[in-house]
Structure formats: structure tokens, C-alpha cells
Amino acid sequence: MSVGEASGGGRTPHPVCAAAELPPGRRRIVTIEGKSIGVFNVGGRYFALRNRCPHRGAPLCEGQVVDLVTAPAPYAWENERFGEIIRCPWHSWEFDLTTGRSVCHPDSIRTKSYPAGVAAPTEHDRAEAYEAAERGGVVVVWV
Ligand code: FES
């Protein structure tokens, strides 16, 4: 969610750090209400994920931040969505930093979309995500 759109959705805002301490491409892992949460600056937008992989519980937010790699043709690949994917440090499952959704199961996620209100994604398809934004020079996460 972009800086101007974050509202918290009824959750409680928690200041994380000064915006200057979290420049683009950096992350900060904090504990809020007993939960370890990774806060990421992706090109000036802030995102927050629970620091626990839904596969086997690894510290997901300590993983490598990578691009989305696609294969538009055999023996060809392209990098897209630069720095928007996090790779779990234990078994390399990849998650979309902007939504918490699994990169490997986008079709199953799409059929269970939130706007349609059909069903929530399964635990294995999604990492827990929170809203994050900059407010008055301070990075804030709503938990
Ligand atoms: S614990 Fe994250 S991929 Fe297995």
C-alpha cells in the first residue's frame, strides 16, 4: 500500500523508526505486540510482513529480497517487479512483499480473491501482511 493510502483498517498504529532510518531497499525487523514483523521500504513504499514463513516457520523476513523472474519463452527469462519478492532463507519459497502471497501459487490465490469475498487464502499460500506507511517522517505499522 502506498504512503498516502494506508489507513490501518481499524488496527493500532505502531511507530517503527524515522523514515530516514529505513531508506529504499532496506528492511527493519521489530517486535510489535509479541510478533516479529519485518518492515520493508520497496522503492519508497512501505510493506510489513510477519517474520514467520507459513511453510515451516522460518524467519521469513531475514530472507533475500529479489525480483520476480518470469520466463516469457523457452530459455529466456526476465526480471520484473524489482525488489518486491522475498525468498525464505530455509527452503526458498518466495512471497510477494506487497501482499504476502506466495509466488508459486498465484492461481489458487486468484480464485480465492478478497474482493470477491469467496474465501481467504490458506496458511501455506500467504504470509501475514500488515499495512505500513510513513507519517510525519516516522515509519508506522498497523498491527
Ligand atoms: S520454512 Fe520457509 S520455505 Fe520452508
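Before any of the text, the structure's been laid out above.
Only a predicted model underlies this, so the values are computations on that prediction, with no experimental measurement involved.

This next bit is on the overall build of the chain. Across its full length, the chain carries one helix and nine strands. When burial is assessed residue by residue, the chain has 28% of its 143 residues classed as buried. For the chain, restricting intrachain contacts to residue pairs at least 6 apart in sequence, the fraction spanning at least 24 positions comes to 50%.

The next subject is the sheet that holds strand E6 (residues 76–87). Here we have three strands laid out as an open sheet, ordered E5-E6-E7, and antiparallel in their pairing. Of all the strands in the sheet, the pair left with one neighbour each is strand E5 (64–73) and strand E7 (94–96). Across this sheet, the average inter-strand angle for adjacent strands is 50°, counted without regard to direction. Judged from the three bridges that link them, E6 and E7 form a sheet pairing that is antiparallel. Bridge pairing links Arg 87 to Glu 94 in E7.

A word on the sheet that holds strand E1 (residues 13–18). Here we have six strands laid out as an open sheet, ordered E1-E9-E8-E4-E3-E2, and antiparallel in their pairing. Of all the strands in the sheet, just E1 and strand E2 (27–32) have a single pairing partner and so form its edges. Ignoring which end each strand starts from, the neighbouring axes of this sheet average 30° apart. Judged from the six bridges that link them, E2 and strand E3 (residues 35–42) form a sheet pairing that is antiparallel. Within E3, the residue paired with Arg 28 across the bridge is Val 39.

Cut-offs applied
- Residues numbered from 1 in each chain as written.
- Predicted model: local features only at pLDDT ≥ 70, side-chain atom pairs only at ≥ 80, totals over all residues.
- Helix = DSSP H or I, 4+ residues; strand = E, 2+ residues; numbered from the N terminus.
- Buried ≥ 20, exposed ≤ 12 C-beta atoms within 10 Å, placed from the backbone.
- Contact = placed C-beta atoms within 7 Å.
- Pairing = 2+ DSSP bridges.
- Axes fitted to C-alpha atoms, helices over the stretch in contact; angles between N-to-C directions.

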